[in-house]
Structures are given as structure tokens and as C-alpha cells.
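# Structural characterization, general
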Amino acid sequence: MSAPQTGEAASPLQICRIMRPDDANIVGNVHGGNILRMIEEAGCIVSTRHCNTQNGDRCLAALVRVEKTEFLSPVFIGEVAHVTAEITYTSKHSLEVQVKVMAENILTGAKKLANKAALWYVPCSLRNVDKIMEVPPIKYASAEQEEEGRKRYEAQKMERLETKARIEEVMPSPPNPEDPPKEKHTVGFSQSSLIHLVGPSDCTLHDYVHGGVTMKLMDEVAGIVAARHCNTNVVTASVDAINFHRKIKKGCVVTVTGRLTFVSNKSMEIEVLVDASSLVEAEKGKYRAVSAFFTFISLDKDNKPLPVPALKVEGEDEQRRFDEGKARYLQNKEKRLSDKTRRQ
Amino acid sequence: MSAPQTGEAASPLQICRIMRPDDANIVGNVHGGNILRMIEEAGCIVSTRHCNTQNGDRCLAALVRVEKTEFLSPVFIGEVAHVTAEITYTSKHSLEVQVKVMAENILTGAKKLANKAALWYVPCSLRNVDKIMEVPPIKYASAEQEEEGRKRYEAQKMERLETKARIEEVMPSPPNPEDPPKEKHTVGFSQSSLIHLVGPSDCTLHDYVHGGVTMKLMDEVAGIVAARHCNTNVVTASVDAINFHRKIKKGCVVTVTGRLTFVSNKSMEIEVLVDASSLVEAEKGKYRAVSAFFTFISLDKDNKPLPVPALKVEGEDEQRRFDEGKARYLQNKEKRLSDKTRRQ
Amino acid sequence: MSAPQTGEAASPLQICRIMRPDDANIVGNVHGGNILRMIEEAGCIVSTRHCNTQNGDRCLAALVRVEKTEFLSPVFIGEVAHVTAEITYTSKHSLEVQVKVMAENILTGAKKLANKAALWYVPCSLRNVDKIMEVPPIKYASAEQEEEGRKRYEAQKMERLETKARIEEVMPSPPNPEDPPKEKHTVGFSQSSLIHLVGPSDCTLHDYVHGGVTMKLMDEVAGIVAARHCNTNVVTASVDAINFHRKIKKGCVVTVTGRLTFVSNKSMEIEVLVDASSLVEAEKGKYRAVSAFFTFISLDKDNKPLPVPALKVEGEDEQRRFDEGKARYLQNKEKRLSDKTRRQ
């Protein structure tokens, strides 16, 4: 994580919290969704604070994108999670925040890196949520560092445009319980969805849902899909880049649906779709707010990865999604290998 | 609510709590589900405490039934809810707890009766959850009082047997989003379901879900169904008797589904079905744990009831459920009238 | 706050969090109890971490005392609370942690000091909660600093012994709902209690309730008492020293009772008593776990203090408690004046 030289307003922020039983599954692994929520809270504070260091309307930073992130080691109940957030790039209307999560066992003193993430925010005026404000520039340690930031900025901008098309896709059909029960290990067998009525504590001062709250719900559904597929202890291994295309307002009902797209020997890829609809203004209809791919692994009692049952693919659509998932899987694998080689 | 003379252990219990923003919907009405959860917590404490006043295994009181209950006046954020619970009848293996909820506006001092409920518990041994313990008898103020209790006991026993059959019924089919969108005001249009992964704070010391937690989830789904049907502010008006046939263990996934069964001029009846399945012991399959009928009304800005759009019934099954709902509606209406006459 | 030179293990810890609607009352003031809970979480992390920097049993730091603390300025929804905790003294078996809370408005950049507190912890072995471990010594910047710490240590030790007697006192009789309603502005009129069934997320890895959770409940009850007395927006102004005499275990029922003891022109003193009892081992009886005095003030719309209605004292006991409260009030007032003079 590169550390540009910044003014006081953009100084890094650290938050920490003891992990409680409610943050974890029954074997004590903290849900990835809770880590994502803490990451986003830190990102939101540091970027809102930075964007208000200038004159003009007061504004809140809204999450628009999270880059692909990996859960490097599990976090357990009783450990302290330390989340550090730092602004690493600013464009005219957006800023990048890099966040690192360290898990500390306060009984043994052992620390480990649990997650590293990069988030993109845009400042929305408090008076008019649709007005995007300008972002005060940060100072960089070197011209090289600024140039690297600009490359990351351009890359994510491209990707956000590309995924905009995908997001318009139709919802998956939920299992119909009057049908005969689905065969085990098919996509339909483990597909799951939840609905959530957005409450005040889910929201920012704008009355829009925090990106971190949405990610926590997405991780929850993905975890249920994965557990239904392999009936073991499952944990979040990574999350592909997530784009937040449309905001979700207080009083909406959010429907979060997860379905398996690809399964390798030791991992499961789950596509998660988030649809929102206003309860009171029903005429506005349901809209796709976010979608993302979560990768889960299955662990034995010693937290070692277990083999995952193969996915029984049915029909053309499932096959196409499986092939696309496989391509993502192979690409990530290759990238991991090349990163490793480069580091040696 | 009759108050029998009881030993010290069975003395009434009083709890109070300020209603918070997250307890309420966006216009500030506290969700009926939160009231039900508080009622059950008080009932659980008073009956567990009573059943442990004797020698033998330590035990926890498990909720087996809630009698029909009405929400007499709305409760708002910032008000203090006072819940009083008292044991009013004991049989050999079960006990009845009567609970009263008063809402107090601490700014004006105004108090109003918000709810009255009767709950039935059985004591389960902490060593072996399937072993039902004996209940220490309470003292009654008069033989008449005891006799009335016995009648209530016999009546609920009969009803629990009767509903056992109904509970085995199949799940309603959830809306299939690849179908063309459902027509407004049909049953399918508003049908909703949520899934919830049972966490540690949902559970008793036995690691079984508190009855109050289940009722809160049921009310949440019913509220979404009602709001989808009429797109206004909706509140819980009453809940028909609920029988808790089977327990739900920590680590289960709970699926809660709600669908409209009957709509009168100013009320909606929603059937809510709760199915549980273990994530880890999938071979045990899904089972129906609870089902109940919730009645909701729609309110305008001054909390006055609004007319409700008529329900478009499709097919034989929906018609049968509508007719059954109408019968329940007319029966309740008649009962309310005769109660009123008797009181005059 | 004096900052002794310490080893790496005793380095200060900072936690921060955005204040949400559920953290606050209906006019947006964050409850003092939530601030106390964050203070205690920071204190628990920093002291547990320090006590495990040596060989021997792993241990958890248990809160035994909080010194008198004042809420210097209100905190609002949307602000970020920064809590900094630092170990400032170590005796053989206990340690002092000083904690500072800054509230930051991330929209305007304004920061203000919200609270300063000093907490005492003792390390309890994870294997045997009754075994108190030794505390590794910290390094002090000067001999004078160490000497000041020793004085604070001796002073609190004396006070803890003295209050031990007070804690054994009988519980106030709860309002009997069948009695005629109490007259307004009497002690009985506003007396309130709540019960809470201790759940897993309330507890440490030892399965004992976090001191911060208990303080949050105490503040909640005190706030209800104060609001009932004056029917306005009330906030916590200060909390007298709190001693945690006995631990509270998971599965206990906690009864928290608050009653007015003294009322000045612009403040109310509320005594809060915490009694715990095991639900299943009722024969062990109820015991007093904690007691403390909370001072509340009443605020108008511009957060300016309002006059408080006089307290109608009835009977000898109430008069004695009123006189004792008045003595505490005058003593605190004098202390504030002399502190002010000294600083000038």
C-alpha cells in the first residue's frame, strides 16, 4: 500500500473493535461481511472528512466501487480488528481510499493481515444528493506515485462502464417449492434470497444505505448459498470488484439473491444480486442496485480448505455463467502466480 | 387480567425499555414484532425462574403457544414500553403467563394500554432438552380462578392438536421473477420471504431460537407483504394464536414466507409460514416450525385507518384460503361485538 | 492527562465510530451510556493486551472501577467519536487506564472534548477467573508521575472498601401497579427498572458481562427516571465513581433500578442499582453487582440547561438520601470551583 504525503485533513484513520459472538458463525469465524462493513465505515469517515476541508456545500462521500479484495486470514471472536484507511488518489470528482485490516490476538499478541481493500468514493452535496462536489487534491510523495494512482483511476472507470450493462440483467428465478425438490449440488438447490427493510441505523445522514451495510447482506446470502452446497463451515475467500450503480433509500425493501455460478476443486463462486424497491412509491418499480461475485471456501476443524462437491450445471444459461466463472477463476489464479513470481 | 395469589417466586415481573429508531418504521410506529419480542422475553424470564424454584434438573421454559393478541394502540419512538408478566395458571407440565404492555410518553406522562397477551410455556431440562420437567403449582386467590385457568388450559390443548395438521401443509410458491410481473393486488404480487441465519443472540442457553425472535421475523415479513399490497404506512393490528410445534436450533437457516389470505375493507390477513433447515445436517431436511395469521391495517398521517385495495383472488387454493380468512374475520368481529355488549 | 513513557505493549489505543440513530435519543443526542461503553471497550483492549505481554496464564482484564467522569459536551448522530486509551499506572495486581473521547463533526471539521475518564482493571486468568494475575510494570516519564499515580491508586483503594458496605443495602421496592398512581415529582413517580437477559454478545471470552454493557443499561434507566421527572430532553452530565464489586455471568437476569435521590435547580441525581440473579440457579439468590450515581440535566431546543422541578421527598429514607445527595452536589461544585481557580 503506497503512502502519499498528504495534508493533515487526509491523514490516515484507524478504527478498531473487539469481535463478538454475533459477528461470527457458529465455529467462531468472523463473517467476511462484518470485515467489509468496518472497511467501508473507515473509508466513509476518511473521505467525507477530506471532502469537507474546502468551502462550498457540506457533503457526504458515497461509495461507488470496491476493488477486488481477498480475505488473507480468518478473524476469530475475541480478536481485535484494526482497520486503517488512507486516501491514496484524488481525481476531480472521486477519491481512492486504501484500507488495511489487521487482526490482533490480544492474549498472545499475535497479529496477522486479514484484508486489504481499495474503495472509490464520490462526494454528494448534503443539500442535493445528485450534485457531485469537487474533491480537494492530495499531495503525492512523488510524480510516479501520482501516475500509478491515475492508472488505477482510469482502469476502474473503464470497468464501471462495462459492468453497467451486466447489471441490467434479469433476476434469477428463485426455487419454486411446489416443484419437486431440486437435486443436490445443482444451482437451484442452494440458491437463496433474503429481504431486508432498510432501517435508520443502516443509513447515512442522507438517508441512503451505507455501502458497507449492503455488502454485509450480500456476504450473508453468499454464505448461506455456499453452506447449502457443501454442508460444512464456509468462509469468504475473496470478493470481486463491486460497483454501486444506484443508491438505496431509507424505507426501501432490499432483495438480495445469491446463486452458484462456478465451483472449482476447493472454491465456490457465488453471484449476488441486490434489487431495491420503495414500499411507498411502488410505481417506481424494482431496480438492480448492485451485483458482485463472492468466492467462498470450505474449511475443516483446523481451518484447512476442504474439497468442494462439483456443481451440477443444468441448461444453457447456467453453463454460460459457469464458463464465465471459470475464466475469472483461471485469470485470478494466473494473476496470483505472476504476483508471486514478481515478488520473488 | 386476573391476579392469583402466588408464592414469591411467581411474583409479577416488570421490564421497561425506551423505543429506538431501529424498533420502528419510517413514520415512527414501533413494529408489532418488537412488542412481541419483549412480551416473550418477559414471559420466558418469569416462567424459567418459577420452574427452577424446585429440586431436580435446572430447566429453561420454552414457548409453545401465544394466544390471539391485539395491538390496541400504536407505540412510538421515544416512548417507554412497560411490560408486566405474571404466571396465571400451572398444569403439571405447562404454565400460562399473562403479559400487559403499557406505552408511556415520558414527555407528556400519558400512558395507554398497547397490548395484552397470554403465553404458554413448558420447562425443558438443561441436560436433555427433550425432557419436560414438572411445574411447581401456584396458589390461586379462589377456586373459581383456578377453574377458569383450567378451562383456558383445556381449550388451548385442543386447539394445539387441531393446528398440528395444518402445519404440515406445503410451502406457498414464491413469485418466479422470470415469469411476467404479477398483476397488482394479486396474492402473488405481494408475497414475500426472507431467510435468516440463526445467530448466538437469537438463542437461549439451550441454543434454541427464542420464540420472540421468530415472532419478530414473522411480523417483519407480514409487514412487507401488507405494505406491498397497499403502499402506505401499515401496522400490526392483531395476531392469531401461534403454536410453536418444533424448535429451531442455532446454526439453522430460517425461511419466513408471508402471503395475503384475506382482505376486508380496512384490514389484511397475512399467513406467515416458518420453515427451518440445518445448514450442516442437510440430510435432516427442511421442516415447518411455526405458522400464524397476522392482521395488518393501513394508516394515514394522523394514524386513522385507511381503506385497503381489494384482493384479486386467482385459482381454487387462493379462494379457499380467502373464504377461510373471511370466516375468521367474521368470527372475530362477532366476538368483539359480544365482548363489548357484555362489558356494557 | 499525564502520559508516562511506556514500552510498545502499553502504547495508546485509538478507536472511532460514526454515531448512528440508535445510539441517540429522539432529538439526536448520543446517550451517555454509549460513550461509556466505547470507553470501556478501549480500556479493556489496552489493558488486556498489556497484561498478556508476559509469560504465564493468558488473562482478560476485568473492569473493577470507573472514576467520576463528566460529559463535557454533547455528541450528535453523524459525528465521529474518537476514543483514546492509555495505561497511566500499574500496581502489582491492577492498572489504571485514562481514556479521552473527542467528537468530530466530519462535515465542518470541528472537534470538541466530549469525555475524560479513568478506569481500573485487574487481570483474571482465562483458566481460572478467580485467579488474579500480576501486572507487568510500565515505565514512567518521571518519579513524580509515578508518585501521582500511586496516590490515585491508594485513594481509589480506600474508596472501594468504603462503598462495599453501601452495596449490600436492600433494593428499592418496585412500584406496585395496583397501588394508586404516585403523585408527580415524588421519588416513587419516576422510579423505573428494566431487566435484561444477558446474551453472548454482552460478554467477554470469560462469559462475564463487559463493564461497558452494564454501564449502558444503567445510563438507560437513569435517563428514563430523569425524563419522567421533568418531561423534557435529558442528557447525562456526569457519573460518580462506579465500583464493580461482583461479576455477572452469561445467562443471568440483570435488574437495573433507578430512583431520584437529589434534585438541584438544574440537575438531577439518580441512584442506579444493578442486581443479578441466575435464571436457573435461583437458590443462589439475587446479589447487588454494581451501584452508582448518575447526574442528568434537562436541555431546551438549543441545548441550554433548563430548570428542573423540585423533588417531593417523602419519609425519612428519602430525606436521608436527599441530604447525602446534596452533600455530594455541594462537594462537586466546590471542587469544580477550586479546579477552575487553580487553572487561572
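Not measured: the values here are computed from a predicted model.

Our next topic: a nonpolar patch on the surface. Together, Ile26(A), Val27(A) and Val280(B) line one region of the surface with nonpolar side chains, adding up to about 260 Å² of accessible area. On the secondary structure map, Val27(A) appears in the loop between β1 (13–18) and α1 (32–51).

Moving on to the environment of Ile35(C). Residue and element names in this part refer to chain C. With respect to the helices and strands, isoleucine 35 occurs in helix α1 (residues 32–51). For the pair isoleucine 35 and valine 97, spaced 62 residues apart in sequence, the C-alpha to C-alpha distance is 16 Å. In this structure, isoleucine 35 is in contact with Val30, Phe71, Val75, Val101 and Asn115, ignoring residues within four places of it in sequence.

Attention now moves to the environment of Glu159(A). Residue and element names in this part refer to chain A. Assignment of secondary structure puts glutamate 159 in helix α2 (residues 143–167). The class of glutamate 159 is partly exposed, set by a relative accessible area of 37%. Through-space distance from the C-alpha of glutamate 159 to that of alanine 241 is 9.1 Å; in sequence the pair is 82 residues apart. A distance of 3.4 Å separates polar atoms of two side chains, one belonging to glutamate 159 and the other to arginine 65.

The next thing to look at is the confidence of the model for chain A. Residues and elements named next belong to chain A. When pLDDT is averaged along chain A, the result is 88; 91% of the residues meet or exceed 70. The secondary structure element of chain A with the lowest average pLDDT is β1, at 85, and the one with the highest is strand β5 (residues 95–104), at 96. Low pLDDT, under 50, characterises residues 1–9; the predicted model gives this stretch 28 contacts beyond four residues in sequence or across chains. Prediction confidence for the complex, expressed as pTM and ipTM, is 0.84 and 0.79 respectively.

Facing the 32 residues of chain B at the interface are 28 residues of chain C. Summing both sides of the interface, chain B and chain C together bury roughly 2,600 Å²; the carbon and sulfur share of this comes to 63%. Our count for the chain B to chain C interface comes out at two salt bridges. Where chain B meets chain C, there are six residue pairs in polar contact (both at pLDDT 80 or more). Breaking the side of chain B that touches chain C down by element, the ones donating at least two residues are β1 (13–18), α1 (32–51), β2 (59–66) and β4 (80–90) of chain B. Ranked by the residues each element gives to the side of chain B that touches chain C, the list is headed by β1(B), at six residues. Residues belonging to the side of chain B that touches chain C are distributed by class as follows: 16 nonpolar, nine polar and seven charged.

The rules behind each value
Residues numbered from 1 in each chain as written. Chains lettered and ligands numbered in written order. Predicted model: local features only at pLDDT ≥ 70, side-chain atom pairs only at ≥ 80, totals over all residues. Heavy atoms only, no water. Patch = residues over 30% accessible without salt bridge, like charges linked within 9 Å, V, L, I, M, F, W, Y side chains within 5 Å. Areas by Shrake-Rupley, 256 points an atom, 1.4 Å probe, with all protein chains shown as cover. Salt bridge = Lys/Arg side-chain N within 4 Å of Asp/Glu carboxyl O. Helix = DSSP H or I, 4+ residues; strand = E, 2+ residues; numbered from the N terminus. Contact = heavy atoms within 4.5 Å. Buried < 20%, exposed > 50% of the residue type's maximum accessible area, 1.4 Å probe, protein only. Polar contact = N/O pair within 3.5 Å; in protein donor to acceptor, adjacent residues only side chain to side chain. pLDDT = per-residue confidence, 0-100. Buried area = accessible area lost by both parts, 1.4 Å probe. Nonpolar A, V, L, I, M, F, W, Y, C, P; charged D, E, K, R; others polar.

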